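# Architecture at a glance
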Amino acid sequence: MRRTILTFFCLTLVTVVPAFAQDTISGKWSGDWGPSKFDRNQVTTEFKLSGKSVTGTVNSEGKVIQVKNGTYDPNTKAFHMEADAPGPGNRIVHFVIDGKLENDMLTGSWNHDTRKGDFKISKQ
């Protein structure tokens, strides 16, 4: 009986712990983004991972926008999200963001319309 309980406990740990260890996306992040190394904007984000889906918010220059179509693949560490931000003249600007996670740092690229740039955020 004791051996059965110990075996069950070990199998549970082997199954459950890796699932929690893979959630490196959830939490608060901060950093910057911009079209060049001379034109940067501060950004803070808060992400929540559920399976491979990412939800959350992005706050830059006092504008808070919701993450859309967010995904994270823990095997490849690839991150993707989209966001609609208010633009000039009541126009909606659709951002597409792709990145990769490495050592609690998300780096990658963004684009909208004809503009593009990069971003770098680190987990708080």
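Here, every reference points to the structure presented above.
Basis of the calculations
- Residues numbered from 1 in each chain as written.
- Predicted model: local features only at pLDDT ≥ 70, side-chain atom pairs only at ≥ 80, totals over all residues.
- Heavy atoms only, no water.
- Helix = DSSP H or I, 4+ residues; strand = E, 2+ residues; numbered from the N terminus.
- Buried < 20%, exposed > 50% of the residue type's maximum accessible area, 1.4 Å probe, protein only.
- Contact = heavy atoms within 4.5 Å.
- Areas by Shrake-Rupley, 256 points an atom, 1.4 Å probe, with all protein chains shown as cover.
- Salt bridge = Lys/Arg side-chain N within 4 Å of Asp/Glu carboxyl O.
- Core = buried A, V, L, I, M, F, W, Y, C linked by side-chain atoms within 4.5 Å.
- Polar contact = N/O pair within 3.5 Å; in protein donor to acceptor, adjacent residues only side chain to side chain.
- Phe/Tyr/Trp six-rings, centres within 6.5 Å; stacked < 30°, edge-to-face > 60°.

## Describing the overall build of the protein
A count of helical and extended segments in the protein gives one helix and nine strands. Listed by position from the N terminus, the elements making up the protein come as α-β-β-β-β-β-β-β-β-β. Within the span of the protein, comprising 124 residues, buried residues form 29% of the whole. Once local pairs closer than 6 in sequence are excluded, the contacts in the protein between residues at least 24 apart make up 28%. As presented, the protein carries roughly 8300 Å² of accessible surface, and 57% of it is formed by carbon and sulfur atoms.

## A few points about the pattern of salt bridges
What the rule picks out here adds up to five salt bridges. Of the charged contacts in the structure, one is a salt bridge between K52 and D73, with a shortest N-O distance of 3.8 Å. Separated by 21 residues along the polypeptide, K52 in the loop between β2 (41–50) and β3 (53–60) and D73 in strand β5 (residues 68–73) bring together distant segments of the chain. Linking D113 and R91 is a salt bridge whose minimum nitrogen-to-oxygen distance equals 3.1 Å. Pair noted here: D113 is in the loop between β8 (105–112) and β9 (115–123) and R91 is in the loop between β6 (78–86) and β7 (92–102), with a separation of 22 residues, a long-range link. Exposure remark for D113: the relative accessible area of 54% places this residue in the exposed category. Using a relative accessible area of 37% as the deciding quantity, one classes R91 as partly exposed. Each of D32, R40 and D118 takes part in a single network of salt bridges with overlapping partners.

## Some words on the nonpolar core
In summary, soluble globular proteins display a tendency toward joint burial of nonpolar side chains. Grouped together as the largest cluster of nonpolar side chains are 23 residues, with contacts concentrated most on I25, F47, F79, M81 and L106. The set of elements that each furnish at least two residues to this core consists of β1 (27–34), β2, β3, β6, β7, β8 and β9.

## Structural notes on unusual backbone geometry
Most of the time, phi is negative for any residue but glycine, and the peptide bond is trans. Its identity is not glycine, yet N69 carries a phi of approximately 50°, on the positive side. Looking at where N69 falls in the secondary structure, it is placed in strand β5. For K77, which is not glycine, the phi torsion reads 65° and is therefore positive. Judged by relative accessible area, K77 falls into the partly exposed class, the value being 39%.

## Description of the side chain of S60
As for its placement among the helices and strands, S60 is situated in strand β3. Here W33 takes part through its side chain, which lies 2.9 Å from a polar atom of the side chain of S60.

## Overview of the packing of aromatic side chains
Tallied over the full model, the rule gives five aromatic pairs. With centroids separated by 5.2 Å and ring planes inclined at 85°, the aromatic side chains of W33 and W110 adopt a geometry described as edge-to-face. Highlighted residues: W33 in strand β1 and W110 in strand β8, separated in sequence by 77 residues. Judged by its relative accessible area of 4%, W110 falls in the buried class. Measuring from ring centre to ring centre gives 5.8 Å for F95 and W110, while their planes differ by 55°; the resulting arrangement is tilted. Of the two residues, F95 is situated in strand β7 and W110 in strand β8; the sequence distance between them amounts to 15 residues. Each member of the pair F95 and W110 is classed as buried. Aromatic rings pair up to connect W29, F47 and F79 into one cluster.

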